[in-house]
Amino acid sequence: MLGLSVDRLRADMNRLLALLFHQGVLDEQFLQLQQLQDESSPNFVSEVVNIYFHESEKLLRNLRGLLVDKEFSDYKKMGIHLNQFMGSSSSIGAQRVRNVCVAFRAASEQNNRAGCLRALELLEYEYCYLKNKLHELFQIEQQRILAAGVRYPQQRQQPNNP
């Protein structure tokens, strides 16, 4: 019974990963990141991804702050934030987020405020989708680890008393 639960959770993880790859949300870099995880660092991927989330939140705030300013004209500064976001997204395999960053950067290089605002909206959407799906994946993984680690003590047989 317990093995069935672990197998079901592993299958759920594989289905979710397959969906994220099929949708282009993730790319092969995410698989390479997973290969670095082992028994000595069982939470490696979630720790790296949580650092990515923390840094990405700051970058999104900075980008939003720049665009909220009606007098904004520092597209070079915006490009620096976008390059950071693209690099960190690439390093964890967040393909769709990275692709939106590329389009966002193109709009900023053309000093296209309206294009930047549209790109920011799309970037926030893609980032939230990625974050929600990876949190779901990590929750399933934690459930699988807990289910695999549960061990029931063997019952001792009582000696026959004549």
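Residues numbered from 1 in each chain as written. Predicted model: local features only at pLDDT ≥ 70, side-chain atom pairs only at ≥ 80, totals over all residues. Heavy atoms only, no water.

**Quick word on the overall build of the protein chain**
What counts here: Runs of H or I in DSSP of at least four residues are treated as helices and runs of E of at least two as strands, each being numbered from the N terminus. Only protein chains enter the calculation, and the probe is 1.4 Å; a residue is then buried if its accessible area is under 20% of its type maximum, exposed if over 50%, and partly exposed in between. It only takes one pair of heavy atoms within 4.5 Å for two residues to be counted as in contact. Where accessible areas are quoted, they stem from the Shrake-Rupley method and a 1.4 Å probe; at the residue level, only the protein chains shown are allowed to cover.
Broken down by element type, the protein chain carries six helices and zero strands. Among the 162 residues that make up the protein chain, the fraction classed as buried is 36%. Counting only contacts in the protein chain whose residues sit at least 6 apart along the sequence, the fraction spanning at least 24 positions is 68%. If you sum the accessible surface of the protein chain, you get close to 10,400 Å²; carbon and sulfur atoms cover 52% of it.

**Comments concerning the packing of aromatic side chains**
Heads up, the rule is: Pairing of aromatic side chains requires ring centres within 6.5 Å, counting the rings of Phe and Tyr and the six-membered ring of Trp. Pairs whose planes differ by under 30 degrees are stacked, by over 60 edge-to-face, and all others tilted. Any Lys NZ or Arg CZ found within 6 Å of a ring centre and within 35 degrees of that ring's normal is scored as a charge over the ring.
Considering all chains together, one arrives at six aromatic pairs under this definition. Geometrically, the ring pair formed by Y52 and Y127 is tilted, given 6.5 Å between the ring centres and 55° between the ring planes. Here Y52 is found in helix α3 (residues 44–68), whereas its partner Y127 is found in helix α6 (residues 113–149), with 75 residues between them in sequence. For the pair Y52 and Y127, one class covers both residues: buried. Ring geometry for Y125 against Y129: centres 6.5 Å apart, planes inclined by 15°, an arrangement best described as stacked. Within this pair, Y125 and its partner Y129 are both found in helix α6, separated by four residues, close to a single helical turn. Note on Y129: relative accessible area 18%, which makes it buried. Members of the aromatic cluster, each reached through a chain of ring pairs, are Y52, F53, F85 and Y127. Positioned over the ring face of F53 is K131, at 5.7 Å from the centre of the ring.

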